[in-house]
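Okay, here's what each chain looks like letter by letter:
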Amino acid sequence: MRWKITAAALVALPLLLAACGSSGTTTAPSATTGLVLPPDAAHVHGIARTRGGDLRIGTHAGLFAPSADGTLARVGDAADYLGLAALPTGALLSSGHPAPDSTEPNPLGLRTSSDDGVTWTAIPQVPRDDYHVIKAGAGRVYAVNSDAALYAGSAPTALARIASAPRALIDLAVEPGRGTSLVASTQTGLVRSRDGGRTWTNVGNEIGLLSWVRPDALFIVDAMGDVSVSADGGESWSPRGSLGAAPAALLAISRREVVAADHDGRLLQSADGARTWS
């Protein structure tokens, strides 16, 4: 798999995951190298894929794009991208704080980009907050703010708080093709909703970052960097490989192609369903 692929956590996530434990699927660490982000951008918050198949890496010091020749270049401004996601339409959503020399309001609230992150437009209909987790799927958009509260709606301009959502959400994933079906990771384990977040049921003790690429391929990476995959929406898990380090972001592109970042600023890739990483 090339870094330019042709046709995505809370700020305190590493502490939360370490405190809550792993998913119980420990495997031998894989030998990993990966691309290394610049020191000022080593704190990765999210990974998204553009409509053209390119990756965008949201960091504390801007948005970066890896290319086929193994280099990384900044895209657009130098904002702190706390949340980053791609809509099914191809537009990007982000949230965070403005660049140090920016005159934009702080926090940025929710922003959208139609040019793969080069320029951004604020969405004024949404409360101006830090949205650390942003996910989207089939007619639904979800965002988790700095208080770990869940917002959801049919469009980025129509988000409303879901009062019945579990507290202290770490991450969530939307089932492909079913925008109202989602799995969320909390400090006490996994929960699932089939009605857009109005009601929830416990599905397991696993805790980690999530990425749902097909109905039968939900990926999770725990605090130790161990990756597992579920074919039944989180009811059961099969161990895969390991990042060899604490995770910062996870994005499954297909059942075989998976991208992750660790807290050393490395961007890692797997071409065999998360079994091995490089």
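On a predicted model such as this, the values are computed, not experimentally measured, just so you know.

1. What about the overall build of the protein chain?
Part 1 of the argument: Along its length, the protein chain carries one helix and 24 strands.
Part 2 of the argument: Taking all 278 residues of the protein chain together, the buried fraction comes to 59%.
Part 3 of the argument: Surface summary for the protein chain: the accessible area is close to 10600 Å², and the carbon and sulfur share equals 52%.

2. Observations regarding the side chain of D129
Part 1 of the argument: Structurally, D129 can be placed in the loop between β9 (121-122) and β10 (131-137).
Part 2 of the argument: One buried charged residue, D129, forms no salt bridge at all, with the nearest opposite charge on R161 at 7.7 Å.
Part 3 of the argument: A polar atom in the side chain of D129 sits 3.2 Å from the side chain of S146.
Part 4 of the argument: Contact partners of D129, with chain neighbours within four places excluded, come to S95, P107, G109, N145 and S146.

3. So, the nonpolar core
Part 1 of the argument: Of all hydrophobic cores here, the largest spans 16 residues; its most connected members are V44, I47, L55, I57, V259, A261 and L267.
Part 2 of the argument: Among the secondary structure elements, those contributing two or more residues to this core are β2 (44-49), β3 (55-59), β22 (247-252) and β23 (258-262).
Part 3 of the argument: Looking at this core, the element that brings in the most residues is β22, giving three residues.

4. A word on unusual backbone geometry
Part 1 of the argument: Here the residue pair N106 and P107 is connected by a cis peptide bond, since its omega of 5° sits within 30 degrees of zero.
Part 2 of the argument: With respect to the helices, strands and loops of the structure, P107 is situated in the loop between β7 (92-97) and β8 (110-113).
Part 3 of the argument: Positive phi outside glycine occurs at A148, with the angle close to 65°.
Part 4 of the argument: Residue position: A148 is located in the loop between β11 (140-145) and β12 (150-153).
Part 5 of the argument: Taking relative accessible area as the criterion, A148 reaches 11% and is therefore assigned buried.

Procedures and definitions
- Residues numbered from 1 in each chain as written.
- Predicted model: local features only at pLDDT ≥ 70, side-chain atom pairs only at ≥ 80, totals over all residues.
- Heavy atoms only, no water.
- Helix = DSSP H or I, 4+ residues; strand = E, 2+ residues; numbered from the N terminus.
- Buried < 20%, exposed > 50% of the residue type's maximum accessible area, 1.4 Å probe, protein only.
- Areas by Shrake-Rupley, 256 points an atom, 1.4 Å probe, with all protein chains shown as cover.
- Lys, Arg positive; Asp, Glu negative; His and termini not counted.
- Salt bridge = Lys/Arg side-chain N within 4 Å of Asp/Glu carboxyl O.
- Polar contact = N/O pair within 3.5 Å; in protein donor to acceptor, adjacent residues only side chain to side chain.
- Contact = heavy atoms within 4.5 Å.
- Core = buried A, V, L, I, M, F, W, Y, C linked by side-chain atoms within 4.5 Å.

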